[in-house]
Amino acid sequence: MRKPILIANWKMNGSLHANQALLVRMLARLRPFRKAVDMAICPPFPYLFQVRDLLGYTGISLGAQNASAATSGAHTGEVSATMLQEMGCRYVLVGHSERRSLYHESNGVVGARFRQVRSAGMTPVLCVGETLEEREQGMAMAAIESQLQAVIDETGMAGLSDSVIAYEPVWAIGTGRTATPEQVSDTHRAIRQFLERHEAGLGESTRIVYGGSVKAGNAAELFQSSQVDGGLIGGASLQADEFSDIGTALANTVAEPDSECDTLD
Ligand code: PEP
């Protein structure tokens, strides 16, 4: 049984003041679901310390938005995986489409970043997805498979086990345009089949989440399929009520909210 996971990607947004206000409200509303759903917040690097303190013992994890492909040394502007691990990060996004397109991160670089995250003992959240052109040409899975293969080339199949895969069609990220539940379900199934072809059991055990303009209003239908193990949420994770409602929709796919949690901590 794969435990659902909900990941907030704040991208390059926030301030000390805004983060505090957002998290205080969000954490109170997410509290009932923390046993049923794994949750992580990925703020910009400078706020990791602040967010780590605010998350405290809530059971909600800290995550980062990227990690260097190098271990240490002369890489100005980069942040190493061991630094992130030391800061308390449990998850690290790797290969987000904004990194691939705006900062020209190749499949090879993404694979090297993924390996660093693994070596530092954290869970990589590998973002894969096709462009609109690739989808229209019937090449969506070919694009996704080459993104997965680059990681396999770098780490072998062992690297992918216990990682999280985020299916994020590039044309749906931050655009307000969402993939249909059928497109999401079919693509997740195809990713599982790809993994299964490489290693028996891996397709079944790997958590695959969807990302791309998920909102409170469409979360329930996107999470309905048993192929979908949760969400990677960008814009909507900057609004406490919107993100909590997405959490509610995800928790509703597995269990009733855990009312006992309210008495913990
Ligand atoms: C993302 O940043 O990974 C993302 C899915 O963004 P949005 O939800 O804003 O489309």
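Everything numeric in this text was worked out from a predicted model, so none of it was measured.

The rules behind the values
Residues numbered from 1 in each chain as written. Predicted model: local features only at pLDDT ≥ 70, side-chain atom pairs only at ≥ 80, totals over all residues. Heavy atoms only, no water. Phe/Tyr/Trp six-rings, centres within 6.5 Å; stacked < 30°, edge-to-face > 60°. Helix = DSSP H or I, 4+ residues; strand = E, 2+ residues; numbered from the N terminus. Buried < 20%, exposed > 50% of the residue type's maximum accessible area, 1.4 Å probe, protein only. Lys NZ or Arg CZ within 6 Å of the ring centre and 35° of its normal. Expected span 1.5 Å × (residues − 1). Bend = angle between axes of the 7 residues up to and from the residue. 1 Å grid on protein atoms, 1.4 Å probe; cavity = no way out; pocket = protein on both sides within 12 Å on 5 of 7 lines; lining within 4 Å. Points joined across faces, edges and corners; volume = space filled by probe spheres on them. Nonpolar A, V, L, I, M, F, W, Y, C, P; charged D, E, K, R; others polar.

Student: Is there a simple way to think about the packing of aromatic side chains in this case?
Tutor: Any pair of aromatic rings gets described here by the distance separating the centres and the angle formed by the planes. Enumeration over the complete set of coordinates arrives at 1 aromatic pair. A ring pair is formed by tyrosine 167 and tyrosine 210, whose centres lie 6.2 Å apart and whose planes are at 55 degrees; its orientation type is tilted. Here the residue tyrosine 167 occupies a position in strand β6 (residues 164-167), and tyrosine 210 occupies one in strand β7 (residues 207-210), the gap between them amounting to 43 residues. Residue class for tyrosine 167 comes out buried when judged on its relative accessible area of 0%. Given the relative accessible area of 0%, tyrosine 210 is considered buried. Sitting over the ring of phenylalanine 49, arginine 52 keeps its end group 4.7 Å from the ring centre.

Student: Quick question: what am I supposed to make of helix α7 (residues 140-160) here?
Tutor: The α-helix winds at 3.6 residues per turn, so residues separated by three or four positions along the chain end up facing the same way. Spanning 21 residues, α7 covers only 20 Å between terminal C-alpha atoms, well under the ideal 30 Å at 1.5 Å per step. Bending of α7 peaks at approximately 100 degrees at the position of glutamate 154. Among the residues making up α7, those that are buried are Ala140, Ala143, Ile144, Gln147, Leu148, Ala150, Val151, Ile152, Met157, Gly159 and Leu160. Downstream of α7 by a residue or two, aspartate 162 has a phi angle that is positive, lying close to 70 degrees.

Student: Just to check I follow, could you spell out the layout of surface pockets for this structure?
Tutor: Over the atoms a probe the size of a water molecule is rolled, and this reveals where empty space is left. In this structure, the largest pocket spans a volume of roughly 500 Å³. If you trace the largest pocket, you find 21 residues lining it, with Lys11, Met12, Gln65, Arg99 and Tyr103 closest to the centre. Looking at which element gives the most residues to the lining of the largest pocket, the answer is helix α4 (residues 97-102), with 3 residues. Classifying every residue of the lining of the largest pocket by side-chain character gives 10 nonpolar, 6 polar and 5 charged.

Student: Help me out: how do you make sense of unusual backbone geometry in this one?
Tutor: Peptide bonds are, in most cases, trans, and in most cases residues other than glycine have a negative phi. Unlike most non-glycine residues, lysine 11 shows phi in positive territory, near 50 degrees. With respect to the helices and strands, the residue lysine 11 is situated in the loop between β1 (5-9) and α1 (16-30).

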